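The residues making up each chain are set out below.
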Amino acid sequence: QVQLVVPMAVVFAPGSVPGDLPRPLPFRDVQEMEISVNLRTSVTSRYEMRYRSTTGQEEAALAAATAREADAALHPLQDTTLGSLTMYVVPETSSLLPQGINVYVGKHRSALLRAVGSLAALQARLREVTQVMSFTATSMAAALSDRVPDGRLNPDARRDLKSSLGYEITFSLLNPDPKSHTVDWDIEGAVNRYVKPVLDKLSLVANFSVDSQILYYAVLGVTPRYDKESSSFLLSAHSLPHVINPVEARLGSSAASLYPVLNFLLYVPERSHSPLYIQDKDGAPVSTNAFHSPRWGGIMVYNVEAPASPQASLPLHVDVDMARVMEVFLAQLRLLFGLSREEVPPEFLLEGPGNEGLADWELDHLLWAHTVENIATVSTTLTSLAQLLDKIGNIVIKDDVASEVYRAVASVQSAVTKLSLGHLHAAFQASKEAVTSSERAFFDPSLLHLLYFPDDQKFAIYIPLFLPMAVPILLSLAKIVRETRQRKKEPTKMD
């Protein structure tokens, strides 16, 4: 049973305090909600709220012209602990929030809320905001998808990448027609400029390695359909799944990888199939001309402009616009990690993450989900190991394997305790250590199932060997016993 504690500060600007507060500021309050996963597993969310008034510095920051400027000015004054939230309640007449917007969620761990009349209405709005910025029942169900009954699980819940200690990212340029196109892409510069800031932020979650490759004569494996009206070639939505398998055979990146591999492919169509466009399920062209496959990666089709004159010399030189390509790949990377912005009410305004690729609260969102998933993974691994050891009575458990099991149990207990104290970062680190120790114990070569076999198999193997030798030995023993008895029965002769 896991309890997730979110430390929250609710800060009232002058003129925004509800009239029905139960006691004078500052005071504390606690709200709990239970997220049921299955009959045996549930997650309790506990929001520890601290209500107070603004300080002088916070009032000065809230006097900014726009919500974005106020968010930037408030950031140095906040509690920057992972998993914590700060809600600033501004007066109902405040011009800080645009017309029709009641909640502004910034890039960091804070939000601006327009004041409402009563405390109950404010708490309802706070609940909505905290679920956007921390975790929802949906995100917890996705993290524990292996334990949720199939009928109760949202079909999208299994689309996100599973928690791992590391990920490998491979960028591949596919040039199926090098006789017609010479393609140059500045992948190293693009990775440093666009991808590295995102991975630096995600380094808390896992280790990342990035590599790139250019593959020549690599075709999609699906023949596109020619459309006379647009004089172009089209790939329909139902043919997209058939594109991946032929290409994946050429990639070769996942064969020797310890960690999940994320593939991002840039495909420059051959001259005979150019221009090539991707259609969605409704037959409309996809604006990005790209698609992504859950837990695998994404493919973008990059069309090359036809030469002005038919007599132009081949191959044509193509310089890839890396800004346009990386914009698509980073959006797909967010989808793979489950960081797509969830549906929010129309009066919510979510600030874009900027160059870093994800907001601070989105990083927390990822850490909450991965911590819970790691705890569930360790529980499953250790249970499977215990069941294996119960089945094999004569198995030998080495000291180093036993110490890994003890370490995994201690780490997972520490993670659960840290979560109940609201220490998200420490809980996540403990859950990672628990996963490492449990995997080491489970995959230890000395615990290989085939090294041990039941007693009935021993009898089946050794009886055919020993029985032929045992028969004469037993007969000889019986003869000796019989002779001894006869000797005792014979009367002793007296001289």
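Residues numbered from 1 in each chain as written. Predicted model: local features only at pLDDT ≥ 70, side-chain atom pairs only at ≥ 80, totals over all residues. Heavy atoms only, no water.

Within an unreviewed UniProt entry, the label attached to the protein reads PIGS transamidase, and the organism entered is Illadopsis cleaveri. Within the UniProt record for the protein, the comment given under Sequence similarities (unreviewed entry) is "Belongs to the PIGS family." Here is the UniProt Subcellular location (unreviewed entry) comment for the protein, exactly as written: "Endoplasmic reticulum membrane". (UniProt positions renumbered as here; feature names shortened; annotations may be inferred.)

Caption draft 1: Structural context of the sheet that holds strand β4 (residues 85-90). Pairing is mixed across the open sheet formed by 7 strands, whose spatial order is β2-β3-β1-β4-β6-β5-β17. Either end of the sheet is taken by a strand with one partner, and the two such strands are β2 (27-36) and β17 (348-350). Neighbour-to-neighbour, the strand axes of the sheet open up by a mean angle of 20°, direction not taken into account. Strand direction decides the pairing type here: strand β1 (residues 2-12) and β4, joined by 5 bridges, are parallel. Bridge pairing in β4 links M8 to L85. Across the face of the sheet, helix α8 (residues 360-391) comes into contact with β1, β5 (103-105) and β17 while running at roughly 160° to β1. (Pairing = 2+ DSSP bridges. Helix = DSSP H or I, 4+ residues; strand = E, 2+ residues; numbered from the N terminus. Axes fitted to C-alpha atoms, helices over the stretch in contact; angles between N-to-C directions. Contact = heavy atoms within 4.5 Å.)

Caption draft 2: Fine view of the side chain of R114. Within the secondary structure, R114 sits in strand β6 (residues 110-114). Salt bridges are absent for the buried R114, whose nearest opposite-charge side chain, E92, sits at 6.9 Å. Within the local environment of R114, its side chain forms a polar contact with the backbone oxygen of S94, the two atoms lying 3.2 Å apart. In this structure, R114 is in contact with V90, P91, E92, S94, L97, P98, I101, N102 and R125, ignoring residues within four places of it in sequence. (Buried < 20%, exposed > 50% of the residue type's maximum accessible area, 1.4 Å probe, protein only. Lys, Arg positive; Asp, Glu negative; His and termini not counted. Salt bridge = Lys/Arg side-chain N within 4 Å of Asp/Glu carboxyl O. Polar contact = N/O pair within 3.5 Å; in protein donor to acceptor, adjacent residues only side chain to side chain.)

Caption draft 3: Molecular detail of the packing of aromatic side chains. Within this structure, the stated rule accounts for 13 aromatic pairs. Each ring, one from F12 and one from Y51, has its centre 6.1 Å from the other, and the planes form 15°; the classification is stacked. Remark: Y51 occurs in strand β3 (residues 42-53) and F12 occurs in strand β1; sequence separation between them is 39 residues. Of the residues examined, Y51 reaches a relative accessible area of 0% and is grouped as buried. Ring centres of F171 and F264 lie 5.6 Å apart, and the angle between their planes is 25°; on these two criteria the pair is classed as stacked. With F171 in strand β7 (residues 166-175) and F264 in strand β12 (residues 261-267), this residue pair connects regions lying 93 residues apart in the sequence. Assessed through its relative accessible area of 3%, F171 is described here as buried. Taking the relative accessible area as the measure of exposure, F264 reaches 1% and is therefore buried. (Phe/Tyr/Trp six-rings, centres within 6.5 Å; stacked < 30°, edge-to-face > 60°.)

Caption draft 4: How the structure looks around the side chain of S45. In this fold, S45 is placed in strand β3. Among residues more than four places away in sequence, those in contact with S45 are L4, Q31, E32, M33 and F135.

Caption draft 5: A look at the packing of α8 against helix α10 (residues 424-442). The geometry of α8 relative to α10 is characterised by a closest axis approach of 9 Å and an angle of 30° between their N-to-C directions. As judged from the angle between their axes, α8 and α10 are roughly parallel. Helix-helix and strand crossings are classified by hand; for α8 and α10 the assignment is left-handed. Among the residues making up the contact of α8 with α10, the classes are represented as 13 nonpolar, 8 polar and 3 charged. (Parallel < 35°, antiparallel > 145°, perpendicular 65-115°, else oblique. Left-handed = near helix turned anticlockwise from the far one by under 90°. Nonpolar A, V, L, I, M, F, W, Y, C, P; charged D, E, K, R; others polar.)

Caption draft 6: Structural context of the pairing of strand β14 (residues 290-293). Two strands pair when backbone bridges link them, and β14 and strand β15 (residues 297-301) are joined in this way by 4 bridges, in the antiparallel orientation. What sits directly across from H292, in β15, is G298. From the end of β14 to the start of β15, which pair antiparallel, there are 3 residues, and R295 there has a positive phi angle of about 65°.

Caption draft 7: Structural detail: the UniProt feature "transmembrane region" (unreviewed entry) in the protein. Summarizing the sequence annotation, UniProt attributes the feature "transmembrane region" (unreviewed entry) to residues 459-481 in the numbering used throughout. Taken end to end, residues 459-481 is 100% helix and 0% strand, and its two terminal C-alpha atoms sit 28 Å from one another.

Caption draft 8: Fine view of empty space enclosed by the protein. This model, assessed by the stated rule, comprises 2 cavities of 30 Å³ or more. Volume-wise, the second largest cavity comes out at about 30 Å³. Lining the second largest cavity are F171, V195, F264, F329, L330 and L333. When residues in the lining of the second largest cavity are grouped by element, the largest group, 3 residues, is from helix α7 (residues 322-336). In terms of residue class, the lining of the second largest cavity is built from 6 nonpolar, no polar and no charged. (1 Å grid on protein atoms, 1.4 Å probe; cavity = no way out; pocket = protein on both sides within 12 Å on 5 of 7 lines; lining within 4 Å. Points joined across faces, edges and corners; volume = space filled by probe spheres on them.)

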